[in-house]
Amino acid sequence: MRLTEGFFIIETIHYIEGGFEAVLRTNPEHHIYKAHFPGSPITPGVCVIQAAGELLENKLGRKLYLQSIKNVKFLMVIIPEEGKRIRYNFSNIVEDESSVKAQVVVSDDAIVYAKISLIFSYVRL
């Protein structure tokens, strides 16, 4: 299941110097929110990380798998309100022949939800 095809909806992707920014909209009706947690849903941290990987795949045009999480700080929970927009800012993207590293800040206009440093390996087909 791709999270950027129903759990989050991609609204825009802008390429900026040294990285890119993607604006996603939450879907509070998604079945994940019915289980996590009924009556008081929050976005699971693993879904925040998975969406980052999918966005990076989209940008690079290559399949990736998560090799390691170098650092992650969840600073606030994401509550899936109708139409809530979440911004993923990617910076310090470094590629080599087998992997890609990136730093991601997940926020909205007022709140920083997470700061993440990820390392992905390329999927060899």
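Quick note: structure is the one above.
Further remarks concern the overall build of the protein chain. Within the protein chain, the secondary structure is distributed over two helices and six strands. In sequence order, the secondary structure elements of the protein chain are arranged as β-β-α-α-β-β-β-β. A globule of 125 residues ought to have a C-alpha radius of gyration of about 14 Å, and the protein chain, at 14 Å, matches this closely. Across its three principal axes, the protein chain shows a C-alpha extent of roughly 45 × 30 × 25 Å. Expressed as a percentage of its 125 residues, the buried residues of the protein chain come to 43%. A separation of at least 24 residues holds for 61% of the contacts in the protein chain among residues at least 6 apart in sequence. Measuring between centres, the 14 positive side-chain charges of the protein chain sit 4 Å from its 14 negative side-chain charges.

Further remarks concern helix 2 (residues 45–60). Between its first and last C-alpha, helix 2 extends 23 Å over 16 residues, near the 22 Å set by a 1.5 Å rise per residue. Three or more residues of helix 2 are buried, namely Cys47, Val48, Ile49, Ala51, Ala52, Gly53, Glu54, Leu55, Leu56, Glu57 and Leu60. Within two residues after helix 2, Gly61 carries a phi angle of roughly 70 degrees, on the positive side.

Attention shifts here to the sheet that holds strand 6 (residues 112–122). Here six strands make up an open sheet; going across it, the order is 1-2-4-5-6-3 and the pairing antiparallel. Strands with a single pairing partner mark the edges of an open sheet, and in this sheet they are strand 1 (8–16) and strand 3 (64–74). Neighbouring strand axes in the sheet, compared pairwise and without regard to direction, differ in orientation by 20 degrees on average. Inspection of the sheet shows strand 4 (residues 85–95) paired to strand 5 (residues 99–107) by seven bridges, in the antiparallel sense. The residue bridging Asn89 from the neighbouring strand is Val105, located in strand 5. Across the sheet, helix 2 is in contact with strand 1, strand 2 (19–26), strand 3, strand 4, strand 5 and strand 6; its angle to strand 4 comes to roughly 60 degrees.

Before going further, it helps to examine the pattern of salt bridges. Under the defined criterion, the tally for this structure stands at nine salt bridges. Between Arg85 and Glu11 there is a salt bridge whose closest N-O contact spans 2.6 Å. Here the residue Arg85 occupies a position in strand 4, and Glu11 occupies one in strand 1, the gap between them amounting to 74 residues. As a salt-bridge pair, Glu57 and Lys63 come within 3.9 Å of each other at their nearest N and O atoms. Here the salt bridges do not stand alone but share partners, grouping Arg2, Glu57 and Lys63 into one network.

What counts and what doesn't
- Residues numbered from 1 in each chain as written.
- Predicted model: local features only at pLDDT ≥ 70, side-chain atom pairs only at ≥ 80, totals over all residues.
- Heavy atoms only, no water.
- Helix = DSSP H or I, 4+ residues; strand = E, 2+ residues; numbered from the N terminus.
- Rg over C-alpha atoms; globule rule 2.2 N^0.38 Å.
- Buried < 20%, exposed > 50% of the residue type's maximum accessible area, 1.4 Å probe, protein only.
- Contact = heavy atoms within 4.5 Å.
- Lys, Arg positive; Asp, Glu negative; His and termini not counted.
- Charge placed at Lys NZ, Arg CZ, Asp CG, Glu CD.
- Expected span 1.5 Å × (residues − 1).
- Pairing = 2+ DSSP bridges.
- Axes fitted to C-alpha atoms, helices over the stretch in contact; angles between N-to-C directions.
- Salt bridge = Lys/Arg side-chain N within 4 Å of Asp/Glu carboxyl O.

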